[in-house]
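Below, each chain spelled out in residue letters.
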Amino acid sequence: MKNLKNVLSLLAFLFCMSLQAQNKEVAAAFNSSYESEIAKKYETAIATFNNVYDTNSYEMNLRLGWLNYLAGKNKESISYYQKAAINMPAATEPKWAIITVYTKLDNWTEIEKTYLSILKLDPKNATANYNLGLIYYYRKNYIGAKKFFDVSLNQTPFGYNYLLMSAWTNYFLGNKSNASILFNKVLLYAPNDASALEGLGLIK
C-alpha cells in the first residue's frame with residue numbers, strides 16, 4: 001500500500017510538472033503572437049500556436065480567429081471563432097467577433113443569424129437589437145425593424161440613433177403621430193438634424 005501511495009505521489013508530481021511546462025509554452029506562444037501581430041507578421045503569429053494548439057481551448061481559438069482575420073484568411077477565421085463558441089456556449093464574445101468577418105464578406109444572412117443567436121443569450125442587448133433593426137429596415141421590413149428598435153429605444157430613450165431610426169420606421173409604418181414625436185426628440189438632441197427636419201417636413 002505504501003509503495004502504491006509513493007507511485008501515485010510521483011505520478012501526481014510529474015503531471016504537475018508537465019502541466020506547468022505546458023502552461024509556460026502556451027503563455028510563450030501567446031506572447032510571441034502579440035509581438036508578431038504588432039509587427040504585422042500575421043502568418044508568423046499564427047504559426048506560434050502550431051506546437052501548442054488545443055482544439056478545446058477557448059482562448060487559443062479566439063486568438064487564432066482574430067489572427068486569421070488579420071491575415072485575410074476569412075474561412076479559417078470563421079472556423080476558429082465557431083470552435084471558440086462551441087467551447088464556451090454562453091459567451092457572446094466569439095459571436096461579435098465572427099460578425100466582423102461576415103461583414104467583411106458581406107454575408108448578411110449569417111450576420112442576421114449571429115445577431116439572433118446573441119439575442120438568445122442576451123435578449124436586451126441594445127447594440128444587437130439596433131443592428132438587427134437596421135437589417136430589417138433596409139429590407140423595408142418595417143414591422144420587423146420596429147420590434148428590435150423598440151428594445152434599444154426603451155433602454156436608451158434619448159439615444160440619437162435609436163430615436164432617429166425609430167422615427168423613420170414609424171413614419172414608414174404610417175404611425176405619423178409617433179414619428180413626429182420621435183423626430184422632435186431628435187431635434188432636442190441635435191437641433192439642426194437634417195434627417196429629422198426632412199421627416200417632419202414629410203409629415204406636414
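All chains use their own residue numbering, which begins from 1 and follows the written sequence. Where totals are concerned, whole chains, interfaces and linings use all residues; where local detail is concerned, this predicted model gives features only for residues with pLDDT of at least 70, and gives and counts side-chain atom pairs only at 80 or more. With hydrogens and water excluded, all non-hydrogen atoms of the structure serve as input to the side-chain values.

Enquirer: Could you clarify how one ought to interpret the overall build of the protein in this entry?
Expert: For the protein, the helix and strand inventory stands at 11 helices and 0 strands. Helix and strand labels come from DSSP, where a helix needs a run of H or I of at least four residues and a strand needs a run of E of at least two; each type is numbered from the N terminus. Counting from the amino terminus, the protein carries its helices and strands in the arrangement α-α-α-α-α-α-α-α-α-α-α. The buried share of the protein, reckoned over its 204 residues, is 40%. When checking whether two residues touch, look at their non-hydrogen atoms; a contact exists if any pair is within 4.5 Å. Counted over contacts in the protein with a minimum sequence separation of 6, partners at least 24 positions apart contribute 44%. Only the protein chains shown count as cover for residues, and the accessible areas themselves come from Shrake-Rupley with a 1.4 Å probe. Summed over all atoms, the accessible surface of the protein reaches about 12,100 Å², with 57% contributed by carbon and sulfur. The buried label goes to any residue with under 20% of its type's maximum accessible area, the exposed label to any with over 50%, and the partly exposed label to all in between, with areas taken from a 1.4 Å probe on protein chains only.

Enquirer: Would you mind going over helix 8 (residues 142-155) with me for this structure?
Expert: An α-helical turn contains 3.6 residues, so a residue and the one three or four places further along point in the same direction. With 14 residues, helix 8 extends 20 Å between its outermost C-alpha atoms, agreeing within 8% with the 20 Å of an ideal straight helix rising 1.5 Å per residue. A residue's bend is given by the angle between axes fitted to the 7 residues ending at it and the 7 residues starting at it. The principal kink in helix 8, of about 25°, is found at Phe-149. Every buried residue belonging to helix 8 is among Tyr-142, Gly-144, Ala-145, Phe-148, Phe-149, Val-151, Ser-152 and Leu-153, and all of these are buried. To estimate how far a helix should extend, the number of its residues minus one is multiplied by 1.5 Å.

Enquirer: Could you clarify how one ought to interpret the pattern of salt bridges in this entry?
Expert: Oppositely charged side chains can pair when the atoms bearing their charge come close. Take a side-chain nitrogen of Lys or Arg and a carboxyl oxygen of Asp or Glu: if they are within 4 Å of each other, that pair is a salt bridge. Under the counting rule described, the total for this entry stands at 5 salt bridges. One salt bridge connects Asp-150 with Lys-146, and the closest N-O pair in it is separated by 2.8 Å. Residue Asp-150 and its partner Lys-146 are located together in helix 8, separated by 4 residues, close to a single helical turn. Exposure remark for Asp-150: the relative accessible area of 25% places this residue in the partly exposed category.

Enquirer: Looking at this model, I keep getting lost on unusual backbone geometry. Mind explaining?
Expert: In most cases, non-glycine residues show a negative phi, while peptide bonds are predominantly trans. Of note, Lys-40 is a non-glycine position whose phi angle comes to about 60°, a positive value. With respect to the helices and strands, Lys-40 occurs in the loop between helix 1 (2-38) and helix 2 (42-47). A positive phi angle is found at Lys-140, which is not glycine, with a value near 65°. Its location among the elements puts Lys-140 in the loop between helix 7 (126-138) and helix 8. In this structure Lys-140 comes out as exposed when scored by relative accessible area, which is 63%.

Enquirer: Which parts of the structure should I look at to understand the nonpolar core?
Expert: Grouped burial of nonpolar side chains is what soluble globular proteins tend to show. To define a nonpolar core, start from buried Ala, Val, Leu, Ile, Met, Phe, Trp, Tyr and Cys residues and group those joined through side-chain atoms within 4.5 Å. Counting residues in hydrophobic clusters, the biggest one holds 42 residues, and the most contacted among them are Tyr-115, Leu-132, Tyr-137 and Phe-183. The next biggest cluster of nonpolar side chains, apart from the first, holds 11 residues, and it includes Ala-29, Phe-30, Ala-45 and Val-52.

Enquirer: Would you take a moment to explain helix 11 (residues 194-203) for this structure?
Expert: Among all positions in helix 11, only Ala-196, Gly-199 and Leu-200 are buried. All buried residues of helix 11 project into a common sector of 95° when viewed along the axis, lining one side. Where helix 11 begins, the capping side chain belongs to Asp-193, and its oxygen is found 3.3 Å from the backbone nitrogen of Ser-195. The arc refers to the directions leading from the helix axis to the C-beta atoms. Polar contact criterion, stated in full: a pair of N or O atoms within 3.5 Å, where within protein one must be able to donate a hydrogen and the other to accept it, and residues adjacent in sequence count only if both atoms are side-chain atoms.

Enquirer: Just to check I follow, could you spell out the packing of aromatic side chains for this structure?
Expert: Aromatic rings considered in pairs are described by the distance between their centres and by the relative angle of their planes. For Phe, Tyr and Trp, where Trp contributes only its six-membered ring, two rings pair if their centres lie within 6.5 Å, and the inter-plane angle classes them as stacked under 30 degrees, edge-to-face over 60, or tilted in between. A complete count under the given rule lists 18 aromatic pairs for this structure. One aromatic cluster is present, built from ring pairs that chain together Tyr-137, Tyr-138, Tyr-142, Trp-168, Tyr-171, Phe-172 and Phe-183. Counted as over-ring charges are cases with an Arg CZ or a Lys NZ within 6 Å of the ring centre that also lie within 35 degrees of the ring normal. Of note, Lys-104 hangs over the ring of Tyr-69, and the distance from its end group to the ring centre comes to 5.0 Å. Positioned above the aromatic ring of Tyr-136 is the side chain of Arg-139, whose terminal nitrogen or guanidinium carbon lies 5.7 Å from the ring centre.

Enquirer: Hey, could you run me through the packing of helix 9 (residues 160-172) against helix 11 in this one?
Expert: Each packed pair of helices is defined by two parameters, the angle between the axes and the distance between the axes. Whenever a helix is involved, its axis is fitted only over the stretch in contact; in every case the axis is a line through C-alpha atoms, and angles between N-to-C directions fall within 0 to 180 degrees. At a minimum axis separation of 11 Å, helix 9 and helix 11 run at an interaxial angle of 20°. Viewed along their axes, helix 9 and helix 11 adopt a mutual orientation that is roughly parallel. The two elements helix 9 and helix 11 meet at a crossing, and its hand is left-handed. Across the interface between the two elements, Leu-164, Trp-168 and Tyr-171 of helix 9 pack against Ser-195, Ala-196, Glu-198, Gly-199, Leu-202 and Ile-203 of helix 11. Here roughly perpendicular refers to angles of 65 to 115 degrees, roughly parallel to angles under 35, roughly antiparallel to angles over 145, and oblique to all remaining angles. By definition, turning the near helix anticlockwise from the far helix through less than a right angle yields a left-handed crossing, and turning it clockwise yields a right-handed one.

Enquirer: I'm lost on a nonpolar patch on the surface in this one. Help?
Expert: Residues Phe-158, Leu-188 and Tyr-189 make up a contiguous nonpolar surface patch of roughly 360 Å² in combined accessible area. According to the relative accessible area criterion, Phe-158 is partly exposed, its value standing at 45%. Each patch groups residues whose relative accessible area exceeds 30% and which form no salt bridge, using 9 Å between like charges and 5 Å between nonpolar side chains of Val, Leu, Ile, Met, Phe, Trp and Tyr.

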